[in-house]
Amino acid sequence: MSNTLPKIELHLHLDCSLSYDIVKKIAPNITENVYKASFIAPPKCTDLADYIERAISGVKLMQTKEQLKLVTLDLFDQLKKDNVIYAEIRFAPLIHLDKGLTPEEVVETVNDAMTIGMETSGVKAGLILCTLRHFSEEQSMRTIKLVEQFKGTNVVGFDIAADEAGFPIANHVTAFQRAKRKNISCTAHAGEAKGPESVWETLTNLYPKRIGHGVRSYEDKNLVNFLKEKNIHLEVCPTSNIQTNVYDRLEDHKINEVYNEGLSISVNTDARTISNTTLENEYTILKDKFGWTKMHFFKCNMEAIDHAFTSNEIKAEIKSKLIEAYQK
Ligand SMILES: [Zn+2]
């Protein structure tokens, strides 16, 4: 049903989405079995920290300009095949410095590769730079300053990712305050490894316009009302949430409840390789488990583009494509 339907993806990690083809090209010694064992997470990880372990394999292969370019272009190929028409791709520039690149060179390389990827694939996209939970205050500030430096290019926003349960947000408050002062759009991972209290903490201290995951907000009625009132969008990633044990089984996932509550949500893969999925696959799961129809996906895609960190011009262009495809 949704096979040919165009899609929007707002929550997608570059370093967690390397196809086997590109891994083989960068590191010919990595066999398909090794790839499956070390780049893809099992259907059940112990927790979020265990899931994130798989990202290390990808990050190791993204340390030179050539590697960063190849991985970025590879992701655009995957997006095109998945009929994603607008994507926001995120990564943490400061973990790509092992072979001597400067943070500016890292961002510049991915930024330029994105321009090429967009031209050749026709997929529109923006780049979000992430700070990580375990980073120092200085590293977080360094990352927000990169967003500022590259404002007006493909770089459109700022995020905090990594182990929510293992590290507090204290080191990152100053960077997000700076983002607010400079009018930089922010999203933040929360309500994934921890419950509603973490979403509240994130909303009050980091002022994001969107929450990465955030599905556990459903456990707190006041929070649900607050999210609605402030029009805060949740970037939901079903398969990833089962792997990291937010819920035991897909049947237990609260996406359907959150949708029915009228919250603004979108469907995302999070990590195409680690979760071994595509957006098409996530749609199929929702169709099978919760009886979602074209109408559900239309609503989620319209919400996604409404909350995207892009120009009104691109939003209008993408919306008309969605309307044409879904309301036919
Ligand atoms: Zn994520």
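For the structure itself, consult the block above.
Residues numbered from 1 in each chain as written. Predicted model: local features only at pLDDT ≥ 70, side-chain atom pairs only at ≥ 80, totals over all residues. Heavy atoms only, no water.

K.L.:
Any chance you could break down unusual backbone geometry for me, citing the residues and the numbers?
P.N.:
Here the phi dihedral of Ala-162 falls at roughly 85°; this positive angle occurs in a residue that is not glycine. Here Ala-162 lies in the loop between strand S4 (155-161) and helix H8 (173-181). Positive phi, normally seen in glycine, also occurs at Asn-231, with a value near 55°. Considering the arrangement of structural elements, one finds Asn-231 in the loop between helix H10 (221-229) and strand S7 (233-236). When its relative accessible area of 46% is taken as the criterion, Asn-231 is described as partly exposed. (Helix = DSSP H or I, 4+ residues; strand = E, 2+ residues; numbered from the N terminus. Buried < 20%, exposed > 50% of the residue type's maximum accessible area, 1.4 Å probe, protein only.)

K.L.:
Which residues make up the coordination of the zinc ion, and what values do they have?
P.N.:
Bound to the zinc ion on the protein side are His-11 (NE2), His-13 (NE2), His-189 (NE2) and Asp-270 (OD), at distances that span 2.1 to 2.3 Å. Because the angles between the 4 donor atoms bound to the zinc ion fall within 84 to 171°, the donor set is best described as irregular. Linear spacing of the donor residues for the zinc ion on their chain is H-x1-H-x175-H-x80-D. Here the residue His-13 occupies a position in strand S1 (residues 7-13), and His-189 occupies one in strand S5 (residues 187-190), the gap between them amounting to 176 residues. (Donors = N, O, S within 2.8 Å, 3.2 Å for Na, K, Ca; no water. Tetrahedral: all angles 85-135°; square planar, octahedral: opposite > 155°, others 65-115°.)

K.L.:
Which residues make up H8, and what are the values?
P.N.:
Taken residue by residue, H8 has Val-173, Ala-175, Phe-176, Arg-178 and Ala-179 as its buried positions. Contact partners of the buried residues in H8: strand S3 (124-132), helix H7 (137-149), S4, S5 and helix H9 (196-206). Just downstream of H8, Asn-183 is the residue with a positive phi angle, here 60°. (Contact = heavy atoms within 4.5 Å.)

K.L.:
I'd love a proper account of the nonpolar core, names of residues and values included.
P.N.:
Counting residues in hydrophobic clusters, the biggest one holds 101 residues, and the most contacted among them are Ile-8, Ile-89, Phe-158, Ile-265, Trp-292 and Leu-322. If you look at the next biggest cluster of nonpolar residues, it comprises 8 residues, including Cys-45, Ala-55, Ala-271 and Ile-274. (Core = buried A, V, L, I, M, F, W, Y, C linked by side-chain atoms within 4.5 Å.)

K.L.:
I'd like to hear about the pairing of S7, residue by residue, with values.
P.N.:
Neither face of S7 is left uncovered, since the one carrying His-233 and Glu-235 and the one carrying Leu-234 and Val-236 both have all their residues buried. The sheet contact formed by strand S6 (residues 210-213) and S7 spans 3 bridges and is parallel. By the bridge assignment for S7, Gly-212 is matched with Glu-235. At this point the chain moves from S6, through H10, to the parallel S7, and the crossover so formed is right-handed. For S7 and strand S8 (residues 265-267), the ladder comprises 3 bridges, and the chain directions are parallel. The residue of S8 that forms the bridge with Leu-234 is Ile-265. (Pairing = 2+ DSSP bridges. Right-handed = clockwise from strand over helix to strand, strands pointing away.)

K.L.:
Hey, could you go over the packing of aromatic side chains for me, with residue numbers and the actual values?
P.N.:
The relation between two aromatic rings is expressed through the spacing of the ring centres and the mutual angle of the planes. For the coordinates displayed, the defined rule picks out 8 aromatic pairs. A ring pair is formed by Phe-158 and Phe-176, whose centres lie 4.6 Å apart and whose planes are at 40°; its orientation type is tilted. Of this pair, Phe-158 sits in strand S4 while Phe-176 is found in helix H8, placing the two residues 18 residues apart along the sequence. You can call Phe-158 buried: its relative accessible area is 0%. Ring geometry for Trp-200 and Phe-226: centres 5.2 Å apart, planes at 55°, overall tilted. With a gap of 26 residues between them, Trp-200 in helix H9 and Phe-226 in helix H10 connect regions that are remote in the sequence. Directly above the aromatic system of Tyr-283 lies the positively charged group of Lys-7, at a separation of 5.9 Å from the ring centroid. Seen from the ring of Tyr-207, Lys-180 lies directly overhead, with NZ or CZ sitting 4.5 Å from the centre. (Phe/Tyr/Trp six-rings, centres within 6.5 Å; stacked < 30°, edge-to-face > 60°. Lys NZ or Arg CZ within 6 Å of the ring centre and 35° of its normal.)

Geometric values such as these leave the question of function open.
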